[in-house]
Amino acid sequence: MRLYHRSELELDPAVAIDDRWLRALCIDLLGRPPLTSERERWLGKPLGDVLDDLWGLEMTWAHWLEEQLYYFMLIDQFRPVGTSLDELPGRLQKGTLTAGEALHRIGLSTSFDLRNPGADTFVTVVMEQFCGIEVQSSRRELEIGKGAYDGRAGVFMGSRAKSQSDVVEVAAGHKDAARFLVGREYERLTRAPMAKRDRARAGKRLHREPRAYSDLVKEWMSSEAYAERVSRGALMSNRTWVRAVHVDLGAAPPSGATTEALRSALDGLGDPAPLRSTIARMLLDAEGTRAPRGPDLEDAGAWVGDVFQRLLGRAPTEEEKAAFTRVASGTGDGPTLVLYTLLSSSEYESS
Amino acid sequence: MSILDHTHPSRRDLLRAAAGAGAIGLASPLAAAIGPIRPGYKTKHVVLVIMAGGVRSRETFGSPKQIPNLVQLADEGVLFTRLRTANLGHFGASMSIVTGISEARGIRDNSRAPDPTLFEYVRKDLGLAASDVWVTTSGGAQQVNYAYGLHADYGQKYGATTLDGDGIFNEEFKGIVSKLGTPRPLAGSDAERVAELRRVLRGGGPPSAAEESRARVERYILEELGRGVTGMTGAGAGDAKAIQLARNLLSVFRPRMIGVVLQQADIAHGSFNGYTEVIRRNDAAIGELVAAIRGDETLRDSTAVVVLPEFGRDADLNSRRGLDHGDGSDDLRFVHGVAWGPDFKRGKVVNDDRRTIDVMPTIADLFGADPRHAKGSVLREIYA
């Protein structure tokens, strides 16, 4: 199924989405592939409708929050658990909080403070991560911010500040923060840098209309740049991979604790592929995620076709179908070997 | 032609030899097969320990009783008393040591450097396999970025194999492994069927070198999970795991190069006592690493160890009676460093200013690699 262009840079949101598109949208917005029920609901529906549906879900904002916490490196022992940040996805979904305000709340959290101890580290990280400022070439601003952190009044980034919370408020509300946010979010979703002029324009809009974030993202995800991301595939982050492999084995998404433990382990490798392979085998061997056994398959060829479609977002080639069907219909563990081969493939990692 | 052509076995030889080594902990036959890095030199292996997290000289060589093992290394090697560095954040300053280029990086920047790292230079110039060059870390997700940069002529295919001790070998992950059960090894016809499916999936042809290397790393991780690294706890446990991993890797793979990047001294922001405890624990762990080298017949006279922090800390305590890093003082901008090895002078003290970014070209020189994009200079005065 193809998506047809409405203009040179924009796709027609009325055209239906296929498995590859649905998988990419769910991975980028929910941090996992679609569940069976979601696949039944969204497959073949117009792109615009699916995007509207997804942005209306609290779990989309929960994933957004996870991505932001990871960006700020609020993970492992610095991960906020059971704090006021827990209410952010619900408020973002209801529209009682904007994306910029949510980032401001993260900057005020105890986790952020613990992660970035001391005036120099704290102010440096705020300037770098909220506004994309290189502090080495903004030493004066850094010193003013450090003074404000320690309680000395000063004009920091154009506004009065005399406390640690003022430093966060000034940076989070700065026009550079809006421009920097749209640039990094565009790149996170399309896996391509945003043109400088587009970034300036979108940043200006977000600064002026803080509630425009969802509309901007929908525009990006209906763009040619996003179509290219879908077409070439994109490497899954470790957290997404952990959730994907659970969902693709027919289970529910894993608990937050399991996700974090596996994500943390995978983050410990420069190349996580060997450990991903190990985890895939552990899950396949475990009760609850056990694959069907060869003799259980009434039509091994159809099963192989469905597995390719679900896991890789495409149909198998003739050679692939023959080889995988042969193994699937063989001795008892054939389907497990098929699943293991696909889950440990580089193509699966780039959904 | 590589300078190692006459002494260095092919990758196939290495893999065959390693496969024959069997269980972890057994002396590898690789060691007997490899020669010195450069003709006329004795060094075959280099361990670079970046004591990152911000460590002042006052708490190291300014308090020698705290660091008896580093003092002993200095007595038997070369001590630099004024290595100039810059406050580029822990990540940027440590990255500068491995790239040999002092450049700003965001403190929480989780991305690769644009420049090649020491590990890429030595792998590319010497034709080394991934299992010949390792990095062990303790700082989590961000630190795996030391493995390689984004330079078009180098990059991932020349990167170091990187393990974060606190990431992989954490109790939570071990708990999941215990709950789900260690995976059954693929063997016999199952292994053959998977190999055939993989061949079809990649459109034919043999597996790449990267795939073979990944399979070895997978086996290593599974065996390491059953050892003691996971159980380490307390102040500086992450650093201790990184150093212990380096010890284990030396005994298993006999790699040419191991980079160890520590991080936990940064506890100093809020706890001066915790900071000094981390320094003492890291000194002890480095002592055990060196003891293991001294006790290994094939490593004893062929391994060099280089240790340095990425930068120091402020001159004065902060309001929480901790130590930040941002005052621009000499305590922050100058650190001590040690180089110990069979080709280095003994008991030499260099009091002149040198730079932390000079360490990378010096190690590259020891390997005969050309760090063509690095800005640092070779520290020639260390050679005996």
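Just so it is clear, the structure is predicted and the values come from calculations on it, not from any experiment.

Caption draft 1: Representation of the overall build of chain B. Regarding its fold elements, chain B presents 13 helices and nine strands. Counting over 384 residues, chain B shows a buried share of 60%. Expressed as a percentage of contacts within chain B between residues at least 6 apart in sequence, the contacts between residues at least 24 apart total 77%. Summed over its atoms, the accessible surface of chain B is roughly 14200 Å², and 50% of this surface lies on carbon and sulfur atoms.

Caption draft 2: Just the overall build of chain A, in detail. On a plain count of helices and strands, chain A comes out with 21 helices and two strands. The C-alpha atoms of chain A give a radius of gyration of 23 Å, which matches the 20 Å a tight globule of 351 residues would have. Taking the principal axes of the C-alpha coordinates as reference, chain A spans close to 75 × 45 × 35 Å. Among the 351 residues that make up chain A, the fraction classed as buried is 58%. A fraction of 64% describes how many contacts in chain A between residues 6 or more apart in sequence connect residues 24 or more apart. Counting only carbon and sulfur atoms, one obtains 50% of the accessible surface of chain A, whose full area is about 14300 Å².

Caption draft 3: Spatial organisation of the packing of helix α11 (residues 175-190) of chain A against helix α13 (residues 213-221) of chain A. Residues and elements named next belong to chain A. Relative orientation of the contacting elements α11 and α13 amounts to 40°, with a least axis distance of 10 Å. The pairing of α11 with α13 is recorded here as oblique in orientation. Along this stretch, α11 crosses α13, giving a crossing that reads as right-handed. Residues Val182, Glu185, Tyr186, Arg188, Leu189 and Thr190 of α11 lie in contact with α13, whose contacting residues are Tyr213, Leu216, Val217, Trp220 and Met221. Classifying every residue of the contact of α11 with α13 by side-chain character gives eight nonpolar, one polar and two charged.

Caption draft 4: Up close: the environment of Leu186(B). Along the chain, the position of Leu186(B) falls in the loop between α7 (171-180) and α8 (188-201). On the accessibility criterion, Leu186(B) (31% relative accessible area) is partly exposed. Distance in space between the C-alpha atoms of Leu186(B) and Gln142(B) is 32 Å, their sequence separation being 44 residues. Here Leu186(B) is in contact with Arg281(A), Leu337(A), Tyr340(A), Ala191(B) and Val194(B), once residues within four sequence places are set aside.

Caption draft 5: Inspection of the interface of chain B and chain A at higher detail. Counting residues at the interface gives 46 residues for chain B and 58 residues for chain A. Together chain B and chain A conceal approximately 4500 Å² of surface at their shared face, both sides included; 61% is due to carbon and sulfur atoms. Considering only the side of chain B, the residues that lose the most area to chain A are Arg108(B), Leu197(B) and Leu201(B), jointly responsible for 18% of the buried surface there. Run the count over chain B and chain A and you get three salt bridges. Counting every contact that joins chain B to chain A gives twelve residue pairs in polar contact (both at pLDDT 80 or more). If you list the elements that add at least two residues to the side of chain B that touches chain A, you get β4 (161-164), α6 (165-168), α7, α8 and α9 (209-225) of chain B. In terms of residue count, α8(B) provides more of the side of chain B that touches chain A than any other element does, eight residues in total. In the side of chain B that touches chain A, the residues fall into 21 nonpolar, eleven polar and 14 charged.

Caption draft 6: Representation of the packing of aromatic side chains in the model. Residue and element names in this part refer to chain A. With the rule as written, the count across this model stands at 21 aromatic pairs over all chains. Between the aromatic rings of Phe72 and Phe112, the centroid separation amounts to 5.7 Å while the plane-to-plane angle is 75°, which identifies the pairing as edge-to-face. Of the two residues, Phe72 sits in the loop between α4 (58-71) and α5 (88-94) while Phe112 sits in helix α7 (residues 110-115), which places them 40 residues apart along the sequence. Given the relative accessible area of 0%, Phe112 is considered buried. Taking 5.5 Å as the distance between ring centres and 85° as the angle between the ring planes, the aromatic pair formed by Tyr186 and Trp220 counts as edge-to-face.

Caption draft 7: Molecular detail of the confidence of the model for chain B. Residue and element names in this part refer to chain B. Averaged over every residue, the pLDDT of chain B is 85; the share at 70 or more is 88%. Counting interchain partners and residues more than four positions distant, the pLDDT-below-50 stretch residues 1-33 has 52 contacts. We note a pTM of 0.84 for the whole complex and an ipTM of 0.84 for its interfaces.

Caption draft 8: Up close: the nonpolar core. Residues Leu275(A), Ile279(A), Leu342(A), Tyr348(A), Leu73(B), Val260(B) and Ile286(B) are the most contacted members of the largest nonpolar core, which totals 88 residues. Here Ile286(B) is in contact with Val49(B), Met51(B), Leu70(B), Leu73(B), Ile243(B) and Val307(B), once residues within four sequence places are set aside. Listed in part, the 72 residues of the second largest apolar core include Trp64(A), Cys131(A), Phe156(A) and Tyr226(A).

Caption draft 9: Main features of the pattern of salt bridges. Residue and element names in this part refer to chain A. With the rule as written, the count across this model stands at 54 salt bridges over all chains. The partner of Arg263 in a salt bridge is Asp76, with the nearest N and O atoms 3.1 Å apart. Of this pair, Arg263 sits in helix α16 (residues 256-267) while Asp76 sits in the loop between α4 and α5; the two residues are 187 residues apart in sequence, bridging distant segments of the chain. Residues participating in the shared-partner salt-bridge network are Glu66, Asp76, Arg79, Arg239, Glu260, Arg263 and Asp267.

Caption draft 10: Fine view of unusual backbone geometry. Phi is positive for Met73(A), which is not a glycine, with a value near 60°. You can see Met73(A) is positioned in the loop between α4 and α5. At Arg254(B), a residue that is not glycine, the phi angle is positive and equals roughly 50°. The topology assignment puts Arg254(B) in the loop between α10 (237-253) and β5 (257-261).

Caption draft 11: Highlighting the packing of helix α17 (residues 273-285) of chain A against helix α20 (residues 334-343) of chain A. Residue and element names in this part refer to chain A. Taken N-terminus to C-terminus, the directions of α17 and α20 make an angle of 155°; their axes are 10 Å apart at the nearest point. Here α20 runs roughly antiparallel to α17, going by the angle between their axes. At the point where α17 passes α20, the crossing takes the right-handed sense. Here Ser277, Ala280, Arg281 and Leu284 of α17 come into contact with α20, specifically with Thr336, Leu339, Tyr340 and Leu343. Residues of the contact of α17 with α20, tallied by class, amount to five nonpolar, two polar and one charged.

Caption draft 12: Representation of the environment of Leu262(B) within the structure. Residues and elements named next belong to chain B. Locating Leu262 in the fold gives a position in the loop between β5 and α11 (272-294). On the basis of relative accessible area, Leu262 is assigned to the buried category, the value being 0%. Placed 212 residues apart in sequence, Leu262 and Ile50 show a C-alpha to C-alpha distance of 6.1 Å. Here Leu262 is in contact with Val49, Ile50, Met51, Ala52, Gly53, Ser138, Gln143, Asp239, Ala242, Ile243 and Asn282, once residues within four sequence places are set aside.

Caption draft 13: Structural context of α13(A). Every buried residue of α13(A) is accounted for by Tyr213(A), Ser214(A), Leu216(A), Val217(A), Trp220(A) and Met221(A). Taken down its axis, α13(A) places every buried residue within 160° of arc, on the same side.

Caption draft 14: Structural view of helix α8 (residues 119-131) of chain A. Here α8(A) contains 13 residues, and its C-alpha end-to-end distance of 17 Å stays within 8% of the 18 Å for a straight helix at 1.5 Å per residue. Phi turns positive one or two residues past the end of α8(A), at Gly132(A), with a value near 70°.

Caption draft 15: Layout of the pairing of strand β7 (residues 334-340) of chain B. All names here are of chain B. Along β7, seven of the seven residues are buried, which leaves the element largely enclosed by surrounding structure. Of the two faces of β7, the one carrying Phe334, His336, Val338 and Trp340 and the one carrying Val335, Gly337 and Ala339 are both buried. Here strand β2 (residues 78-84) pairs with β7 via five bridges, running antiparallel. Paired with Leu83 across the bridge in β7 is Val335. As judged from the three bridges shared by strand β6 (residues 303-308) and β7, these two strands associate in the antiparallel manner. If you follow Val306 over to β7, its bridge partner there is Ala339.

Reading guide: rules and limits
Residues numbered from 1 in each chain as written. Chains lettered and ligands numbered in written order. Predicted model: local features only at pLDDT ≥ 70, side-chain atom pairs only at ≥ 80, totals over all residues. Heavy atoms only, no water. Helix = DSSP H or I, 4+ residues; strand = E, 2+ residues; numbered from the N terminus. Buried < 20%, exposed > 50% of the residue type's maximum accessible area, 1.4 Å probe, protein only. Contact = heavy atoms within 4.5 Å. Areas by Shrake-Rupley, 256 points an atom, 1.4 Å probe, with all protein chains shown as cover. Rg over C-alpha atoms; globule rule 2.2 N^0.38 Å. Axes fitted to C-alpha atoms, helices over the stretch in contact; angles between N-to-C directions. Parallel < 35°, antiparallel > 145°, perpendicular 65-115°, else oblique. Left-handed = near helix turned anticlockwise from the far one by under 90°. Nonpolar A, V, L, I, M, F, W, Y, C, P; charged D, E, K, R; others polar. Buried area = accessible area lost by both parts, 1.4 Å probe. Salt bridge = Lys/Arg side-chain N within 4 Å of Asp/Glu carboxyl O. Polar contact = N/O pair within 3.5 Å; in protein donor to acceptor, adjacent residues only side chain to side chain. Phe/Tyr/Trp six-rings, centres within 6.5 Å; stacked < 30°, edge-to-face > 60°. pLDDT = per-residue confidence, 0-100. Core = buried A, V, L, I, M, F, W, Y, C linked by side-chain atoms within 4.5 Å. Arc of directions from axis to C-beta. Expected span 1.5 Å × (residues − 1). Pairing = 2+ DSSP bridges.

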